[in-house]
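One-letter residues, chain by chain:
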Amino acid sequence: MMENDKLVLGGHEFNSRFILGSGKYSLKLIEAAVQYAGAEIITCAVRRANTKEHENILDYIPKSATLLPNTSGARNADEAVRIARLARELGCGDFVKIEIMRDSKYLLPDNYETIKATEILAKEGFVVLPYMHADLNVARDLVNAGAAAVMPLAAPIGSNRGLSAKDFIQILIDEIELPIIVDAGIGKPSQACEAMEMGAAAVMANTALATAGDLPRMAAAFKSAIEAGRNAYLSGMGRVLVRGAAASDPLTGFLRD
Amino acid sequence: MNYNDERYFIDSDTLSPEALERKHRIETDPSARSNHMEYMKGMEIIKSDIHDKVMGHVDSVDFSKYTARDVLAALDHHTCTVEDFKALLSPAAAPFLEKMAQKAKLETSKHFGNTVYFFTPLYIANYCENYCVYCGFNCYNKIKRMQLSMEQIEHEMKVIADSGMEEVLILTGESRAKSSVEYIGEACKIAHKYFRMVGVEVYPMNTDEYKYLHECGVDYVTVFQETYDKVRYEQLHLLGHKRIYPYRFDSQERALMGGMRGCGFSALLGLSDFRKDALASALHVFYLQKKYPHAEMSLSCPRLRPIVNNDKINPLDVHEKELCLVLCAYRIFMPFVGITVSSRESKEFRNGIVKIAATKVSAGVSTGVGDHEEKYKKDDGQVSKNSEVDESAGGDEQFEINDARSFNTMYKDISDEGLQPVLNDYLYV
């Protein structure tokens, strides 16, 4: 990985571009997953952390990791704001990933409510990372609302279907100046690599690891893939361009001055 | 099928001759029973198209028409349609149980990862005004009745909460007279202090009453329809509010209208054609979810169990393989839905099914009233019968449980299966 290639979120710098989920696997595997993934940011549902002493997920997350609490369970902006504030009270820090779902079947984000919650929480000093559908207008609204990054879903959560929304995510990468973090639906390392090649700033995964036979090893595989994709992106993708080929001799060489 | 309903009828020696005569009359003479489709006074009628949508499928389904090819096609489809689901419930699916289990496991892991949620039921009263012939709480059954005071409820809750449990399901027998909405509401307020998640499984209520309970801290309402077969329903629920089929059917919708976050559904397998009841239960969820997409839904799949004074009650043709098939079909049809498997099932079945389709299990269970302290003192996972508990400690149980593992034993067993027990995944907002 190139030096000085940092992921910057709300003024905070990170070396790793792999954001790790924590909610779907054994608590005892979290530490190993963080270590093998080389992850510096780990997400955690506030509703899972809102527990008593017995097996609190927060106790299993290494102290060196930056916690990214999410507001899953919120059905509107008001609930997301309350959950974010609770996260702060629980000592989860100032980062928050906004997840607002009004649909229990597909768990798709509600863009409209997400914009509202982003605006409120950004004003309260949170580093807000909103989970959203890849919609350019919404992404612009999120920028204006004070988001620190934009997190479009690649495919329905838990589906492991990869970059179903690829073309729309590419538009966000091309047009939005904030980091674009691809979230949800990434099922295997090659898909994470592809997202990074496109210019995504980071990738988040949870189910793909949780359902792997050897979780730490899969975490390591994602780490390598994300780094490979990032390096490919930074290297300019060579002559095999993602969008169109380049002729070795200029096509316009015949034109006179 | 011959349901042999006589096996349900048990006469108590404490009934007066007049009461006994009335009991026999309603058991044997349908004309002596009220119209089970007619609302009683005070029952709210809502405008809903859910019943017709669900029963349109159930009344017309012919499970015998599905073939092995239909089952394999259903397993191959990316999205399981209603037709696919019917094929998976059909007799033609039986040889493909292992394939179904594998697909179900995949779907479960995609949506729930490696997690299993825990809860415990708490019965606060067992008075009941209904005569549901298969139920241990039925008004004619001679059992020890009890209703906990608020002090007793708080004590029981503290005992349960101290064990580590964070989700509680409050249950009563169905007696508005003994267990008023306010009584249940007060109990829920106490529960809200001790638990992160409070659900109720009590008699069906009107929307404004569900709204009141929600304000008391409840966010989850479970109502079992028992059977969706109206003819069987009429033959099994002979007296009381529960006799009114449509009022019960719309309970979950009223609960959601009252502001509840989610609701639970089930048929009690063994009362009627289990395939039709499974189809109806799932479609009840399916169509309500379309209408209330934010709601969190869950399905249970209880089978009939013996009760106090009647050990002849059993789930008829619903053996473990049939139960597993139903649960796999539920999971494949609705990957996002929570599936609860209660202590009616054995330890071995529950350990196995959480690896395939179930996402929630009860632990530290008593279906009696006010006896958690006695049971929890033992904490060895071996207490299985009410007889092992001091009879004077509380009211009798609703049914015999099969898996009496304590919270700690359950936690260890589930962890040993390679799964992650989750005590709370919930915020009351």
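Everything discussed here concerns the structure shown above.
The rules behind each value
- Residues numbered from 1 in each chain as written.
- Chains lettered and ligands numbered in written order.
- Predicted model: local features only at pLDDT ≥ 70, side-chain atom pairs only at ≥ 80, totals over all residues.
- Helix = DSSP H or I, 4+ residues; strand = E, 2+ residues; numbered from the N terminus.
- Rg over C-alpha atoms; globule rule 2.2 N^0.38 Å.
- Buried ≥ 20, exposed ≤ 12 C-beta atoms within 10 Å, placed from the backbone.
- Contact = placed C-beta atoms within 7 Å.
- Pairing = 2+ DSSP bridges.
- Right-handed = clockwise from strand over helix to strand, strands pointing away.
- Axes fitted to C-alpha atoms, helices over the stretch in contact; angles between N-to-C directions.
- Parallel < 35°, antiparallel > 145°, perpendicular 65-115°, else oblique.
- Left-handed = near helix turned anticlockwise from the far one by under 90°.
- Nonpolar A, V, L, I, M, F, W, Y, C, P; charged D, E, K, R; others polar.

1. Brief notes about the overall build of chain A
Along chain A, the regular secondary structure elements total nine helices and 10 strands. A compact globule built from 257 residues should have a C-alpha radius of gyration of about 18 Å, and chain A, at 19 Å, falls within 12% of that. C-alpha extents for chain A along the principal axes are approximately 75 × 40 × 35 Å. The buried share of chain A, taken over its 257 residues, is 51%.

2. A word on the overall build of chain B
Within chain B one finds 16 helices and 11 strands. Relative to the 2.2 N^0.38 estimate, which gives 22 Å for 429 residues, the radius of gyration of chain B is 21 Å and therefore close to what a compact globule would have. Considering only C-alpha atoms, chain B reaches an extent of 60 × 50 × 40 Å along its principal axes. Expressed as a percentage of its 429 residues, the buried residues of chain B come to 57%. In chain B, 76% of the contacts between residues at least 6 apart in sequence involve partners at least 24 apart.

3. Comments concerning unusual backbone geometry
Its identity is not glycine, yet A:Leu107 carries a phi of approximately 55 degrees, on the positive side. By the secondary structure assignment, A:Leu107 is in the loop between strand 6 (95-98) and helix 4 (111-123).

4. Remarks on helix 1 (residues 30-37) of chain A
Residues and elements named next belong to chain A. The complete set of buried residues in helix 1 reads Ile30, Ala33, Val34, Tyr36 and Ala37. Looking at the buried side of helix 1, the elements it contacts are strand 3 (18-20), strand 4 (41-45), helix 8 (207-210) and helix 9 (215-234). Looking at the residues trailing helix 1, positive phi occurs at glycine 38, about 65 degrees.

5. Describing the interface of chain B and chain A
Listed per partner, the contact involves 23 residues of chain B and 30 residues of chain A. Tallying contributions element by element places helix 5 (residues 97-112) of chain B first for the side of chain B that touches chain A, with three residues.

6. Description of the pairing of strand 4 of chain A
All names here are of chain A. Counting buried positions over the five residues of strand 4 gives five, a clear majority of the element. The side-chain alternation of strand 4 yields two buried faces, one formed by Ile41, Thr43 and Ala45 and the other by Ile42 and Cys44. Relative to strand 4, strand 3 is paired through two bridges, and the arrangement is parallel. Residue pairing for strand 4: leucine 20 is matched across the bridge by isoleucine 42. Bridge count between strand 4 and strand 5 (residues 66-70): five bridges; the pairing is parallel. Note that in strand 5 the partner of threonine 43 across the bridge is leucine 68.

7. Remarks on the pairing of strand 7 (residues 127-132) of chain A
All names here are of chain A. With six of six residues buried, strand 7 lies mostly within the body of the structure. Both faces of strand 7 are covered, namely the face carrying Val127, Leu129 and Tyr131 and the face carrying Val128, Pro130 and Met132. Here four bridges tie strand 6 to strand 7, and the two strands are oriented parallel to one another. When the sheet's bridge partners are listed, phenylalanine 95 is paired in strand 7 with valine 127. Tracing the backbone out of strand 6, into helix 4 and back to the parallel element strand 7 gives a crossover that is right-handed. The sheet contact formed by strand 7 and strand 8 (residues 151-152) spans two bridges and is parallel. Directly across from methionine 132, in strand 8, lies its bridge partner proline 152. After leaving strand 7, the chain enters helix 5 (residues 136-145) and then returns to the sheet as strand 8, a path that is right-handed.

8. Brief notes about the packing of helix 4 of chain A against helix 5 of chain A
Residue and element names in this part refer to chain A. Running from N to C, helix 4 and helix 5 cross one another at 15 degrees; their axes reach a closest spacing of 8 Å. Looking at the two axes, helix 4 sits roughly parallel to helix 5. Crossing angle aside, the handedness with which helix 4 passes helix 5 is right-handed. Contacts between helix 4 and helix 5 involve Asn111, Ile115, Thr118, Glu119 and Ala122 from the former and Val138, Asp141, Leu142 and Ala145 from the latter. Partitioned by chemical class, the residues of the contact of helix 4 with helix 5 number five nonpolar, two polar and two charged.

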